[in-house]
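Analysis of the macromolecular model
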Amino acid sequence: SFFQANNADAQRMREQMASMVQDLLYEWLECPPDDNKNKPRVAIFDATNTTAARRHGLMERAEQHSGVKLMFIESICNDEAILRQNYSLKLQNNDYKHMEPEKALTDFMERVRAYEAVYEEISDQENGGNISYIKLYNVGQKVTTRHCTGFVPSSISLFLQNIHITPRKIWLTLHSESIDQQNGVLGRDSGNLTDAGRMYSMYLSKFINRRLDHLDVEGVGGDVVVISGTSRLHAETVSHLQIHYDTTTTPLLRELGGGDCTGVANCDLPPEILEARNRDKLHFRYPGLGGESYMDVIQRVQPLIVELERQRRSVVIVGHLAVLRCLYGYFMSGSVTDMVGKDPKPIGMDDIPYIDLKAHTVYELSPGPFGTETRTFAPEDDDLF
C-alpha cells in the first residue's frame, strides 16, 4: 500500500511532495503582492505529520525563514460515534467518490491502520520544549494549547474551540422593506414598514415553521434561535418569529455606518462621494463620525461569525444588506455562484460589496465539511417546500 511505512518508494515520494509543497508555501509567505506586503499571511500545510521526525523536519525548515511562526494543529478522536461519522464523511472526498462504499471503507481503514502503526502524539518536549500546538479532542470536547501567544494563534485557537460538525441550517434575510428604503434614504431608522414589508414579516414566520417540518435535521439542529439587529426595522421584521422562537438582538447586525451621509437619499449624495465609493467599494469609508467601510463591517461581524460557528441550533439572521453580504461571503467564500455579476464565479473578498441579496428573500445555508450548500426561497416560491 502507498501508505504503509515499509514502502520505501512511497515514503520517498511522499517526502518529495512534502518538500515541493513547502517550497511553494514559503515562496507565497515571503513574496506577497505589493498591496499585501504589510498584512499578515497564514499558510496551512495540510499533511499527515504524525511522527516526531516529520515534525522535526518541518520545524527545522521554518527556522530557516525569519518572521515565520510554525504551529501544529492535532485532532485526536477516540469517540466511536464521531469516528463513524468522520469515516462516512471521508468517503465523500475525491479519493473515494467513484468507488463502491464497502470497498472505499475497506481501503480507508487500511490507510488509518497504516497511520496508527507509526503515529506519535505531539509532546511538549519536541523542539527543545518550544513546540507550539493546539490539540482538539473529539471535535472540540477539549482543547489544549501550548505557546499560542499573539493575535493570530489566539484567534485560531478560539475559532477551533467553537466549530463542530452538527448538521443545522442558517437562514439569512434582509429586514422587511421600509418606507425610507423605498425612497432610497440611507441609514435612518424610522421603523415604518411598507405594506409589502408587513406581509413579509408574517411570511418569514410561516416559512420557518413549514421549513422545519420538511428538514431532515435531527437533534439540537432542529431547534431554532433568531438573531436580529437592534433597530426598529429589525423588531418589526421578527415580530411574528419571536412568538415561536428564542430571539436575541445584537448591534453587530446594524447597517454600515453612513457617517455624514446618514439620512441622505442616494440620488442626493455628492458626486465625489459616489465616485470614491464606486472606485473601491470594499475599502471606501463614509466621511464623518460613525462612517464605515465594508472592511470595517467585516471586522465588526467577526464575533458574530464565531457565534454562528459555535451555535448548534439552526439560526435565523435578520440584518441589513452590508452585514448579510459579509456573512454570506464568509460562508460561501471560494464557492462558485452566480450571486456576483452575470457569470458564475468563486466569491472572493473583493466581491462582497456586490453580492446580490434580494429583499423579501430567505437564503438557506447548510454548512458542511466540504463547503456550504445554499438554497433560495421567496414568498412566491411556496411550492418549493
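These figures come from a predicted structure and were not determined experimentally.

Rules and cut-offs
Residues numbered from 1 in each chain as written. Predicted model: local features only at pLDDT ≥ 70, side-chain atom pairs only at ≥ 80, totals over all residues. Heavy atoms only, no water. Salt bridge = Lys/Arg side-chain N within 4 Å of Asp/Glu carboxyl O. Helix = DSSP H or I, 4+ residues; strand = E, 2+ residues; numbered from the N terminus. Buried < 20%, exposed > 50% of the residue type's maximum accessible area, 1.4 Å probe, protein only. Phe/Tyr/Trp six-rings, centres within 6.5 Å; stacked < 30°, edge-to-face > 60°. Axes fitted to C-alpha atoms, helices over the stretch in contact; angles between N-to-C directions. Parallel < 35°, antiparallel > 145°, perpendicular 65-115°, else oblique. Left-handed = near helix turned anticlockwise from the far one by under 90°. Contact = heavy atoms within 4.5 Å. Nonpolar A, V, L, I, M, F, W, Y, C, P; charged D, E, K, R; others polar. Pairing = 2+ DSSP bridges. Core = buried A, V, L, I, M, F, W, Y, C linked by side-chain atoms within 4.5 Å. Arc of directions from axis to C-beta.

Some remarks on the pattern of salt bridges
- If you walk through the whole model with that rule in mind, you get 16 salt bridges.
- The partner of E15 in a salt bridge is R54, and the shortest N-O contact between them spans 3.2 Å. With E15 in helix α1 (residues 8-30) and R54 in helix α2 (residues 52-63), this pair connects stretches of sequence that are 39 residues apart.
- By relative accessible area, which is 36% here, E15 ends up partly exposed.
- A residue is classified by how much of its surface remains accessible, and R54, at 16% relative accessible area, is buried.
- For D296, the salt bridge goes to R285, with nearest N and O atoms at 2.8 Å.

Observations concerning the packing of aromatic side chains
- Applying the stated rule across the entire model yields eight aromatic pairs.
- A centroid spacing of 6.1 Å and a plane angle of 80 degrees characterise the contact between Y328 and Y363, whose relative ring orientation is edge-to-face. Of the two residues, Y328 is situated in helix α13 (residues 321-331) and Y363 in strand β10 (residues 362-368); the sequence distance between them amounts to 35 residues.
- According to the relative accessible area criterion, Y328 is buried, its value standing at 1%.

Some remarks on the packing of helix α12 (residues 302-310) against α13
- Running from amino to carboxyl end, α12 crosses α13 at an angle of 50 degrees, the nearest separation of the two axes being 11 Å. In this view, α12 runs oblique relative to α13, as classed from their interaxial angle. Of the two elements, α12 crosses α13, and the hand of that crossing is right-handed. Here L304, I305, L308 and E309 of α12 lie close against α13, whose contacting residues are L327, Y330 and F331.
- Residue composition of the contact of α12 with α13, grouped by class: six nonpolar, no polar and one charged.

Things to note about the sheet that holds strand β1 (residues 72-76)
- Read from one edge of the open sheet, three strands run β1-β2-β3, paired in mixed fashion. Each edge of the open sheet is held by one strand with a lone partner, namely β1 and β3 (142-146). Each neighbouring strand pair of the sheet contributes to a mean axis angle of 15 degrees, computed without reference to strand direction.
- Inspection of the sheet shows β1 paired to strand β2 (residues 133-137) by five bridges, in the parallel sense. Note that in β2 the partner of E74 across the bridge is K135.

So, the nonpolar core
- Among the nonpolar cores identified, the biggest contains 39 residues, and L172, I317, L327, Y328 and I355 are the most heavily contacted of them.
- Elements represented by at least two residues in this core include exactly β4 (170-174), β5 (224-228), α10 (271-279), α11 (294-300), α12, β7 (314-319), α13 and β10.
- For this core, the element with the highest residue contribution is α13, accounting for seven residues.
- Not counting chain neighbours up to four residues away, the residues in contact with I355 comprise R325, Y328, G329, M339, V340 and I347.

Some thoughts on the sheet that holds β7
- Read across the sheet, six strands follow the order β6-β5-β7-β4-β10-β11 without closing on themselves; strand pairing throughout is mixed. In this open sheet, the two edge strands, each paired with only one partner strand, are β6 (246-249) and β11 (371-377). Across the sheet, the axes of successive neighbouring strands diverge by a mean angle of 20 degrees, strand direction being ignored.
- By the bridge criterion, five bridges tie β4 to β7 in an arrangement that is parallel. Along β7, the bridge assignment pairs I170 with V315.

As for α12
- Where α12 is concerned, the buried positions are L304, I305, L308 and E309. Seen from one end, α12 has its buried residues packed into an arc of 140 degrees, which puts them on one side.
- Each element contacted by the buried residues of α12 is listed here: α5 (151-162), β7 and α13.

Re the side chain of Q22
- With respect to the helices and strands, the residue Q22 is situated in helix α1.
- For Q22, a relative accessible area of 10% gives the class buried.
- Discounting chain neighbours no more than four positions away, the residues touching Q22 are F45, L58 and R61.

Focus: the pairing of β11
- Across seven bridges, the pairing between β10 and β11 is antiparallel. When the bridges of β11 are listed, P367 appears paired with T372.
- Hairpin geometry of β10 and β11 is characterised by an intervening segment of two residues between the two adjacent antiparallel strands.

Details of the pairing of β10
- A large share of β10 lies buried, amounting to five of its seven residues.
- Here β4 runs beside β10; their pairing, made up of four bridges, is antiparallel. Note that in β10 the partner of I170 across the bridge is L365.

Concerning the environment of L252
- With respect to the helices and strands, the residue L252 is situated in the loop between β6 and α10.
- Along the primary structure L252 and G229 are separated by 23 residues, whereas in three dimensions their C-alpha atoms are 7.0 Å apart.
- When residues no more than four places from it in sequence are discounted, the contact partners of L252 are R300, V301, P303, L304 and V323.

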